[in-house]
Amino acid sequence: MAERVRVKFMMPPGHIRTPAFLRGKVGEIERELGQFSNPEQLAYGLAADQRPLYRVRFTMQEIWGDAAECPTDTLDAEIFGHWLEKV
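Residues numbered from 1 in each chain as written. Predicted model: local features only at pLDDT ≥ 70, side-chain atom pairs only at ≥ 80, totals over all residues. Heavy atoms only, no water.

Participant: Quick question: what am I supposed to make of the side chain of T18 here?
Facilitator: For T18, the position within the fold is in the loop between β1 (4–7) and β2 (26–37). Separated by 3.4 Å, the side chains of T18 and W83 make a polar contact. Residues within four places of T18 in sequence aside, it is in contact with V7, R23, I79 and W83. (Helix = DSSP H or I, 4+ residues; strand = E, 2+ residues; numbered from the N terminus. Polar contact = N/O pair within 3.5 Å; in protein donor to acceptor, adjacent residues only side chain to side chain. Contact = heavy atoms within 4.5 Å.)

Okay, structure coming up:
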């Protein structure tokens, strides 16, 4: 069974690579993609920490609720680990 995670509901200012519509939503890790430089630091010319990047799968039901046209369809998003918490 895939690991379930929630995207942290944070709204920090600046260059953020996590879509606002996914914040607070629960998905499943589809796979780990490896370690990459944190783009939130790179955007400001800072030395960037290496962070794990994951492909996370969400259902349309989870994202859009009752407004989902096809609730069982899915969306995959690549999200850095510091934005995820275990459910």
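On we go.
Participant: Would you explain the packing of aromatic side chains in this entry?
Facilitator: Here a ring pair, both rings aromatic, is described through the centre-centre distance and the interplanar angle of the planes. For the structure shown, the criterion picks out one aromatic pair. Where F21 meets W64, the ring centres are 5.6 Å apart and the plane angle is 10 degrees; that geometry is what we call stacked. Placement of the pair is F21 in the loop between β1 and β2 and W64 in helix α2 (residues 60–64), with a sequence separation of 43 residues. By relative accessible area, which is 37% here, F21 ends up partly exposed. (Phe/Tyr/Trp six-rings, centres within 6.5 Å; stacked < 30°, edge-to-face > 60°. Buried < 20%, exposed > 50% of the residue type's maximum accessible area, 1.4 Å probe, protein only.)

Participant: How should the pattern of salt bridges be read in this particular structure?
Facilitator: For side chains of opposite charge, pairing can occur when their charged atoms come near one another. One pass over the structure, following the stated rule, counts five salt bridges. Of the charged contacts in the structure, one is a salt bridge between E3 and K86, with a shortest N-O distance of 3.9 Å. A residue pair is termed long-range when its members are at least 10 positions apart, and E3 in the segment before β1 and K86 in strand β5 (residues 84–86) qualify at 83 residues. Under the relative-accessibility criterion, K86 is labelled exposed at 69%. (Salt bridge = Lys/Arg side-chain N within 4 Å of Asp/Glu carboxyl O.)

Participant: What is the right way to read the sheet that holds β1 from this model?
Facilitator: Hydrogen bonding along the main chain pairs the strands of a sheet, whether they run parallel or antiparallel. If you walk across this open sheet you meet the five strands as β4-β3-β2-β1-β5, and the pairing is antiparallel. What marks the edges here is a single partner per strand, and that holds for β4 (74–80) and β5. Across this sheet, the average inter-strand angle for adjacent strands is 40 degrees, counted without regard to direction. By the bridge criterion, seven bridges tie strand β3 (residues 50–59) to β4 in an arrangement that is antiparallel. Paired with R57 across the two strands is D76, which belongs to β4. (Pairing = 2+ DSSP bridges. Axes fitted to C-alpha atoms, helices over the stretch in contact; angles between N-to-C directions.)

Participant: How should the pairing of β1 be read in this particular structure?
Facilitator: Side chains on a regular strand alternate between the two faces of the sheet. Burial along β1 is one-sided: the residues V5 and V7 are buried and none of R4 and R6 is. Sheet topology note: the β1/β2 ladder contains three bridges and is antiparallel. The partner of R6 across the bridge, within β2, is V26. Pairing analysis gives three bridges linking β1 to β5, with the strands arranged antiparallel. Within β5, the residue paired with R6 across the bridge is E85.

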